[in-house]
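Descriptive analysis of the structure
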Amino acid sequence: MRNALGLMLASVGAAAVIAAVWFWTSSPRVELAAPGTVSAPLAERLAAATPGKPLAARDDVATTAAIPEKPIAPSQKSACANPDALGVARVVVIDTTGGPGFGFEHFKQLDFLADKEVVLTFDDGPWPGNTPAVLKALDDECTKAVFFPIGKHATYHPEILKQVAAAGHTVGAHTWSHANLNTKKMTEQLAKDEIEKGYSAVKLALGAAPSPFFRFPELQHGPAAMAYLASRNVAIFSCDLDSFDFRAKNPEQIINTVMTKLDKQGKGIILMHDFQKHTAEALPVLLRRLKAGGYKVVQMKAKAPLQTLAEYDEALIKDMKVPVASTRPVSSVVQTVSE
Ligand SMILES: [Zn+2]
């Protein structure tokens, strides 16, 4: 009896959510309600005065202030069906001019998270099985993350990376081959090649430009690569909280590591790997634990996409032996003119 009543209440709740989403997206107010950005005026002026020049100050982060996530259009099947979902509490837009750094393990300047706020990040994908499982866990909780795929993996499994982007997650990059960019034999040119080829591979897989977000393999921040990324206006992501999921013996260990560190630190950018099986297995429970602990997810988006370099795009297409026409979206090749 109680179960039947619960089911009925859940159905009524779901119907109310669907009606609210329909009302919201069909209403003329929707354009007015699109997230506006509140940015640092000084950074804006500097950027306008010296286009293309990196900023010395790293206070150039634009954030949306307490604006709810843009409502999901009814045509997108991902409308949240879970009334108790973790969801997304806040969406922030990052102005990556000058290559700002995020994550207290390496960068202390941009402390933009409030108490109990977390950012979910996943490295090393896309990978069959694990990445789709991570996507499902995130989707079940109607929440969003930032992904840092490896270029090579993106060329192996472009269809999986496309699913990541289609689900509304932010996609940056994590080099071409996961090379350590902080070794003696890593020249400036090799570091540039790793970075740019990685972005071109992500672009080729997605058929769209990636976000100018970057995470160094093994969090090894080479100084030359740091300077290069700054010149390319790419934001660098370290982390506040490493899940050490790659060496966890089971999913429970990942959940315990993350929750123990979070309860101590109170907030943070969480580093995980969609490449890892245990992470994929841990995620449904971990996301429930975050919800139960009163944590709120902040989604990070880039203000503008990264312009990949044509020479790397072309070299990659040549290497991959991809026919040039296949890089064009279908809609630019085939158009319905009458039906
Ligand atoms: Zn990695």
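Residues numbered from 1 in each chain as written. Predicted model: local features only at pLDDT ≥ 70, side-chain atom pairs only at ≥ 80, totals over all residues.

1. Focus on the overall build of the protein
Of regular secondary structure, the protein possesses 12 helices and 10 strands. The buried share of the protein, taken over its 339 residues, is 39%. (Helix = DSSP H or I, 4+ residues; strand = E, 2+ residues; numbered from the N terminus. Buried ≥ 20, exposed ≤ 12 C-beta atoms within 10 Å, placed from the backbone.)

2. Quick word on the sheet that holds strand E6 (residues 213-214)
Read from one edge to the other, the open sheet built from three strands follows the order E2-E7-E6, with strand pairing classed as parallel. Each of the sheet's edge strands pairs with one partner strand only, and the pair in question is strand E2 (101-102) and E6. Relative to strand E7 (residues 235-237), E2 runs parallel, the two being bridged by two bridges. By the bridge assignment, Phe102 is partnered in E7 with Phe237. (Pairing = 2+ DSSP bridges.)

3. Brief notes about unusual backbone geometry
Residue Pro126 follows Gly125 across a cis peptide bond; omega there is -5°. Among the structural elements, Pro126 can be located in the loop between strand E3 (117-123) and helix H4 (130-140).

4. Focus: the packing of helix H9 (residues 251-265) against helix H10 (residues 277-292)
One way to put it is that H9 packs onto H10 with a least axis distance of 8 Å and a crossing angle of 45°. Comparing the axis directions of H9 and H10 gives the class oblique. Crossing of H9 over H10 shows right-handed handedness. Contact residues: H9 offers Pro251, Ile254, Ile255, Val258 and Met259, while H10 offers His278, Thr279, Glu281, Ala282, Val285, Leu286 and Arg289. (Axes fitted to C-alpha atoms, helices over the stretch in contact; angles between N-to-C directions. Parallel < 35°, antiparallel > 145°, perpendicular 65-115°, else oblique. Left-handed = near helix turned anticlockwise from the far one by under 90°. Contact = placed C-beta atoms within 7 Å.)

5. A word on the nonpolar core
Val118, Phe214 and Ile270 are the most contacted members of the largest nonpolar core, which has 70 residues in total. Of all the elements, helix H7 (residues 188-206) adds the most residues to this core, at seven residues. Contacts of Val118, omitting those with residues within four sequence positions, involve Leu262, Lys267, Gly268, Ile270, Leu290, Tyr295, Val297 and Val298. (Core = buried A, V, L, I, M, F, W, Y, C linked by C-beta atoms within 7 Å.)

6. Notes on the pairing of E3
Of all the seven residues making up E3, six are buried; the element is thus mostly covered by neighbouring parts of the structure. Taken together, the two bridges between E3 and strand E10 (residues 296-302) define a ladder with parallel strand orientation. Residue Glu117 lies in a different strand from E10, and its bridge partner there is Lys296. With six bridges joining them, E3 and strand E9 (residues 268-273) adopt parallel strand pairing. Across the sheet, the residue bridging to Phe122 is Met272, located in E9. Of the strand pairs in this sheet, E3 and strand E4 (residues 146-148) are connected by three bridges, and their pairing is parallel. Note that in E4 the partner of Phe122 across the bridge is Phe147.

7. Structural notes on helix H6 (residues 158-166)
Looking at H6, one finds that the buried residues are Ile160, Leu161 and Val164. The buried side chains of H6 occupy one side of the element, clustering within an arc of 100° when seen end-on. Projecting away from the buried face of H6 at angles above 90 degrees are the exposed residues Glu159 and Ala166. Where the residues of H6 are buried, they touch H4, E4, helix H5 (151-156), strand E5 (170-171) and H7. (Arc of directions from axis to C-beta.)

8. A short note on the packing of H6 against H7
Running from N to C, H6 and H7 cross one another at 80°; their axes reach a closest spacing of 8 Å. As judged from the angle between their axes, H6 and H7 are roughly perpendicular. Each of Pro158, Leu161, Lys162 and Ala165 in H6 lies in contact with H7, whose residues at this interface are Val202, Ala205 and Leu206. For the contact of H6 with H7, a count of residues per class yields six nonpolar, no polar and one charged. (Nonpolar A, V, L, I, M, F, W, Y, C, P; charged D, E, K, R; others polar.)

9. Observations concerning helix H8 (residues 223-231)
Buried within H8 are the following residues: Ala225, Met226, Leu229 and Ala230. Down the axis of H8, the buried side of the element spans an arc of 140°, and every buried residue falls inside it. Looking at the buried side of H8, the elements it contacts are H7, E6 and E7. The first or second residue beyond H8 is Asn233, which carries a positive phi of 55°.

10. Thoughts on the confidence of the model for the protein
Across the protein, the average pLDDT comes to 82, with 75% of residues at 70 or higher. Of the regions scoring below 50 in pLDDT, residues 15-77 engages in 78 contacts with residues more than four places distant in sequence or in other chains. (pLDDT = per-residue confidence, 0-100.)

11. A short note on the environment of Phe102
Position of Phe102 relative to the elements: it lies in strand E2. A C-alpha to C-alpha distance of 6.2 Å links Phe102 and Ile236, two positions 134 residues apart in sequence. Apart from the residues lying within four places of it in its own chain, the contact partners of Phe102 are Phe107, Leu110, Ala235, Phe237, Ser238 and Ile269.

12. Concerning the environment of Ser243
Within the secondary structure, Ser243 is located in the loop between strand E8 (241-242) and H9. When the 24 C-beta atoms within 10 Å are taken as the criterion, Ser243 is described as buried. Considered as a pair, Ser243 and Thr279 are 36 residues apart in the sequence and their alpha carbons are 9.2 Å apart.

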